[in-house]
Every structure is written in structure tokens, then in C-alpha cells.
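# Examination of the molecular architecture
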There are 2 protein chains.
Amino acid sequence: MNKPEPPPKQATRIQKKNRRAILEAALQVFSAHGFRGSTIDRIAERAGLSKPNLLYYFPSKDAFYLAVLEDTLEEWLRPLRDLDPAGDPIVEIGGYIAAKLEMSRTRPEASRLFANEILHGAPAIGEFLAGPLKALVDDKAAVIAAWIAEGRIRAIDPRHLIMMIWAVTQHYADFNVQVEAVLGDDAAPARRFKEARATVIAVVLEGLRPRH
Amino acid sequence: MNKPEPPPKQATRIQKKNRRAILEAALQVFSAHGFRGSTIDRIAERAGLSKPNLLYYFPSKDAFYLAVLEDTLEEWLRPLRDLDPAGDPIVEIGGYIAAKLEMSRTRPEASRLFANEILHGAPAIGEFLAGPLKALVDDKAAVIAAWIAEGRIRAIDPRHLIMMIWAVTQHYADFNVQVEAVLGDDAAPARRFKEARATVIAVVLEGLRPRH
DNA sequence: GCCAAACTTGACTGATTGGTCAAAATCAAC
DNA sequence: GTTGATTTTGACCAATCAGTCAAGTTTGGC
């Protein structure tokens, strides 16, 4: 009925090492070229393995892709999960922006992987978006709404605020080529991210701080 | 030496009609599937022509792609060009945000076409970004810097402000699937864009307005 | 050292797809 | 309507690429 599935009971040492290498290589290749633009051969080359060997660990190209997405999703959402309802709104939201920007700087491939997936209609993670992700956003939007109700930040639509923050922070990863081209490469990346953080945090937080 | 290039002197009636149909079809297909994910056959089908017929009008797949990009670029940048140095900063920037959001709503394919191109390193329009686009941004950043110098808006990095506005407005086109999934499809698109505009304009403009 | 399980690979297949070409159909000017 | 230029297409080619397979090599427990 079913094939003897590579990991029958426990992952062996070699399996662990190779799966890790494959997922890392797949992330690099998929994020750089998109799903259709990536080839198994290229991932194999990058992972230092042969193509049939990759297909020994994962049954198909789709399987690589799905595995990489799953592997990266949790990490990607952690900053939002960490938004603390008990904290100070300005500190929490500022910290969230900083954390997302930092992630865009250190792990741009992950951002680009999702960007490409969603840009093309999220064929692989559509249900995830409408399910767990929506749930998380609803949850955190409620937190923000509570802050508004307490008069601690100005009254704006919390879910669109979250969209704004995603948009701005991920922009620096997804469209890095454009950012570099437009800003000039005279500014080192680290410096550029500092400027970005200062600007984004200044505008958004000042836009949220209530007038008295 | 060179092939007899389809348009020898003047574009004929049929040429005009078919070129237009091809570019429109190519925009739809390229923006939906990316360059690698698109096939000439698919563009042909959408344009109501045969594949060899498409290749009679453009010499290669790259040529379609380049033509569509060029065809769309000017329109895409117009709102920024229209930013008026003589106007009121809050009105001008608010208007710019509204115009970009409106464009994301009415022409999301154009936005996704560029998003995909830039996401993958802007192989086709790299020099454009570093040339004319940078020049335009530098120009408008100077306008904003002047407003800051006059104390009419708060002191933030003008070029990162432009990045922010691009990021937020284009997000609603590029990642529309995610926005819909997360916000729930109960809200009609038109309504969603109104909410987005209200939120973005409120946060950004309030973040820019000088304190007294 | 032996052996079964785990791992690896060269050589292949079939489907897709960018692009060609020669012949056919259509158009436009007279 | 004749004719030359323009437009259209079916059939084809070559390259690319996902996935297979049977035969090899390595590993790990004994």
C-alpha cells in the first residue's frame, strides 16, 4: 500500500545530518529563485548530495518545499507571540517592530520564502493563513484593542496596525535589492537597518502615542 | 545580419491590437505566476493567439517580460512624481499614501509583477532601480527634508519614510491573499481598503505632525 | 569479520516548454 | 482580382527537469 517511508522508527545520525543540510539548502534555493525557478539538482548541489539521494529523504519537490515552510513558520511568528498584554504598549510594540526588523536583517531568506509563497496565492499555506495565523492575529489584535480601550494608545484598527508592521519590517528583507539600490550602497547594511529602525519606530510609535 | 524586426516602419492596425492584447495577457500571467512559472503558451491562450504568433511579435519570453515591465513602470511611479514641493506636507504625503493604496487596489497585478522581479534580485530592472528610480527618490527625499528644515513635519529620515510608504501600500496588493485570510473575507475589499487607508494615514501622518 | 539494513548513485524516462520553420491564410494597395 | 507584404499556424526540435530504478557502497550491531 504505502512505500516504506525513510524514517521507519527513529531518525539515524546520518538522517538527521542530511535532512538538516537539505532543508538549509532548500531554504536558500527556494527563497532565491521561487518554487518554479528552483531545481532539485540545485538544492542537491548546495547540500553536497546527489539528486537521487535527496529524493531518498523527501518524496518530491513539493515535499521539500512544504518541509522548509513548516520548518520556518514557527520561528517567523515568535515575535508576535511574544507580544505581552501585561506590558507597556509603546514598549511592546516598539520591541515587536525591532524584533521583526532584526529578523529581516538576519534571516532574509525566510522572509523571502514566505513573500514568494503568498505573492503567488499561498497555494501551500493557504489554510494555515486562514487558520492558526488568523487566530494569532485576532488574539493580538484584541490585546491592542484593550490598550486602546484603556486610552494608552490612540484609536486605530489593530489588525491593520499589525499589517503595517509586517509590511514595513519585511520590506527590508523582501525588497532588499531595491532598498540598497535606492538608498545607495554607501551605507553599510548594519547602518541602514539602524536608520530604518529609528525611522519606523519614531513614526509608528509617535503615531500611536495618545495626545493629551 | 539582423532579422527583419516585426515593425519595419509603422505599426499596423493589427500589430497595435495584438501587441496590446499580448502585453495585457503577459501582465496577468507574469504577475500571477512569476517569470519562471509562466509559459508562452499560457500567455498566448489568454491573449487569444497561438504561441508561434506571439513569437512573431516579440522575439523571446524575455522580450515579453521586459516589454511588460517597461510598459508598467512609468504609471507605477507617477504618484511619487506628483508629490508637490509647494504643497502642504501633511496633505501631500496623505495624498501620496492614498494614491498608492488606490493603485494597489485597482492594479494589483502591476504591483505583484514588480514585487516578484525585485524579490528575485531585480535581474531585469536592476540598473533602473539604481539609476532613474534612485534619482527620483533622492529628489523627493530632498523635498521632504526641506519640509523638515522648515519645521513643518518631525525630523525623520525622508528616504526611509518613502520606503515605509511603499512597503505599507504595496503590501495590500502583493500580499492580498494573506490580508484577506487574516482579516477574514467578511469585510468586502472596498471596505478593507477604506479601513487600511484610515489606519495608515492616521498613524503615519500623526507620526509626522510636529509636537508643539 | 558478517550481514542486514541504511544509504548512495549513474543512467534512464517522460513530460514540459522555449523557440524554429516552412507553408498556409489573410490583408491591403493597385 | 492580382500581387506582394503581412500575419498565422501545425509540426517539429532541443533543452530542461521531476522522478525512477536497479545496482552499488557504507554503516552498525553482533
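For every chain, the first residue of the written sequence is number 1, and numbering continues from 1 onward in sequence order. Chain labels run from A onward and ligand labels from 1 onward, assigned in the order the entries are written. For this predicted model, a pLDDT threshold of at least 70 governs which residues receive local features, and a threshold of 80 or more governs which side-chain atom pairs are given and counted, while totals over whole chains, interfaces and linings are taken from all residues. Hydrogens and waters are ignored; side-chain quantities use all the structure's heavy atoms.

Within chain A, the regular secondary structure consists of ten helices and zero strands. Secondary structure follows DSSP: runs of H or I at least 4 residues long count as helices, runs of E at least 2 residues long count as strands, and numbering of each begins at the N terminus. Starting at the N terminus and walking to the C terminus, you meet the elements of chain A as α-α-α-α-α-α-α-α-α-α. Principal-axis analysis of the C-alpha atoms gives chain A an extent of 65 × 45 × 30 Å. Put simply, chain A has 212 residues, and 52% of those count as buried. To sort residues, take the accessible area from a 1.4 Å probe on protein chains only and compare it with the maximum for the residue type: under 20% means buried, over 50% means exposed, and anything in between is partly exposed.

Once that is clear, we can look at the protein's contact with DNA strand C. The cutoff for a nearby residue is simple: one of its non-hydrogen atoms must lie within 4 Å of the molecule or strand. Around DNA strand C, the surrounding shell holds 20 residues, and the nearest of these are Thr 12, Gln 15 and Tyr 57 of chain A together with Arg 13 and Lys 61 of chain B. With respect to DNA strand C, the side chain of Asn 18 of chain A contributes an N or O atom lying 3.1 Å from a phosphate oxygen. When contributions to the surface near DNA strand C are tallied by element, the ones reaching two or more residues are helix 1 (13-37) and helix 3 (51-57) of chain A together with helix 3 (51-57) of chain B. Residues are grouped as follows: Ala, Val, Leu, Ile, Met, Phe, Trp, Tyr, Cys and Pro are nonpolar; Asp, Glu, Lys and Arg are charged; all remaining types, including Gly, are polar. Its residues assigned to classes, the surface near DNA strand C shows eight nonpolar, eight polar and four charged. Definition of a polar contact: a pair of N or O atoms within 3.5 Å, with one able to donate and the other able to accept a hydrogen when the atoms are protein atoms, and with sequence-neighbouring residues admitted only if both atoms are side-chain atoms.

Within the element layout of this structure, Gly 207 of chain A appears in helix 10 (residues 189-208). Judged by relative accessible area, Gly 207 of chain A falls into the buried class, the value being 0%. Along the backbone, Gly 207 of chain A and Leu 23 of chain A are 184 residues apart, and their C-alpha atoms lie at a distance of 41 Å. Contacts are assigned to residue pairs with any non-hydrogen atoms lying within 4.5 Å of each other. Ignoring any residue separated from it by four or fewer positions in sequence, one finds Gly 207 of chain A in contact with Arg 154 of chain A together with Val 203, Glu 206 and Gly 207 of chain B.

With 54 residues of chain B at the interface, the matching set in chain A holds 54 residues. A buried area of about 5,100 Å², summed over both sides, lies between chain B and chain A, and 68% of it is on carbon and sulfur atoms. Note on definitions: salt bridges are taken to be side-chain nitrogens of Lys or Arg within 4 Å of carboxyl oxygens of Asp or Glu. Inspection of the chain B/chain A interface yields two salt bridges. Arg 154 of chain B serves as the salt-bridge partner of Glu 206 of chain A, at 4.0 Å between the closest nitrogen and oxygen. Scanning the region where chain B abuts chain A turns up ten residue pairs in polar contact (both at pLDDT 80 or more). Of all elements in the fold, only helix 1 (13-37), helix 6 (108-119), helix 7 (126-149), helix 8 (158-174), helix 9 (176-183) and helix 10 (189-208) of chain B reach the threshold of two or more residues within the side of chain B that touches chain A. The residue makeup of the side of chain B that touches chain A, split by class, is 29 nonpolar, twelve polar and 13 charged. Buried area: the accessible area, evaluated with a 1.4 Å probe, that two parts lose upon being put together, summed over both parts.

On to the protein's contact with DNA strand D. Of all residues adjacent to DNA strand D, which total 20 residues, the nearest are Arg 13 and Lys 61 of chain A together with Thr 12, Gln 15 and Tyr 57 of chain B. Counting only the atoms of DNA strand D within 4 Å of the protein, the fraction contributed by sugar and phosphate is 64%. Contacts to DNA strand D include Asn 53 of chain B, whose side-chain N or O atom sits 3.1 Å from a phosphate oxygen. One of the side-chain N or O atoms of Tyr 56 of chain B is found 2.9 Å from a phosphate oxygen in DNA strand D. Those elements giving two or more residues to the surface near DNA strand D turn out to be helix 3 of chain A together with helix 1 and helix 3 of chain B. Its residues assigned to classes, the surface near DNA strand D comprises eight nonpolar, eight polar and four charged.

What follows concerns the relation of the copies chain B and chain A. Residues below a pLDDT of 70 in either copy are left out; the C-alpha atoms of the rest, at least 70 in both, set the least-squares superposition of the copies. Superposing chain B onto chain A takes a rotation of 180 degrees plus a shift of 0.0 Å along the axis, which leaves an RMSD of 0.1 Å. Overall, the copies show the geometry of a two-fold rotation axis. Within chain B, the C-alpha atom positioned nearest to the axis of rotation is that of Gly 207 of chain B, 1.9 Å from it.

What follows concerns helix 5 (residues 89-106) of chain A. Here a helix's expected span is defined as the number of its residues, less one, multiplied by 1.5 Å. Taking 1.5 Å per residue as the helical rise, helix 5 of chain A with its 18 residues ought to reach 26 Å, and the 25 Å between its terminal C-alpha atoms agrees with that figure. Looking only at helix 5 of chain A, the buried set comprises Pro 89, Ile 90, Glu 92, Ile 93, Gly 94, Tyr 96, Ile 97, Lys 100, Leu 101, Met 103 and Ser 104 of chain A.

On to the packing of aromatic side chains. Ring pairs shown here join Phe, Tyr and Trp side chains whose ring centres sit within 6.5 Å, with only the six-membered ring taken for Trp; geometry is labelled stacked below 30 degrees between planes, edge-to-face above 60, and tilted in between. With the rule as written, the count across this model stands at 14 aromatic pairs over all chains. One aromatic cluster is present, built from ring pairs that chain together Phe 30, Phe 35 and Tyr 65 of chain A.

This part covers the nonpolar core. What we call a nonpolar core is a set of buried Ala, Val, Leu, Ile, Met, Phe, Trp, Tyr and Cys residues that are connected through their side-chain atoms within 4.5 Å. Membership of the largest hydrophobic core comes to 143 residues, with the highest contact counts inside it found for Ile 93 and Trp 166 of chain A together with Ile 93 and Trp 166 of chain B. Those residues in contact with Ile 93 of chain B, other than ones at most four positions away along the chain, are Leu 83, Trp 147, Ile 153, Leu 161, Ile 165, Leu 205 and Leu 208 of chain B.

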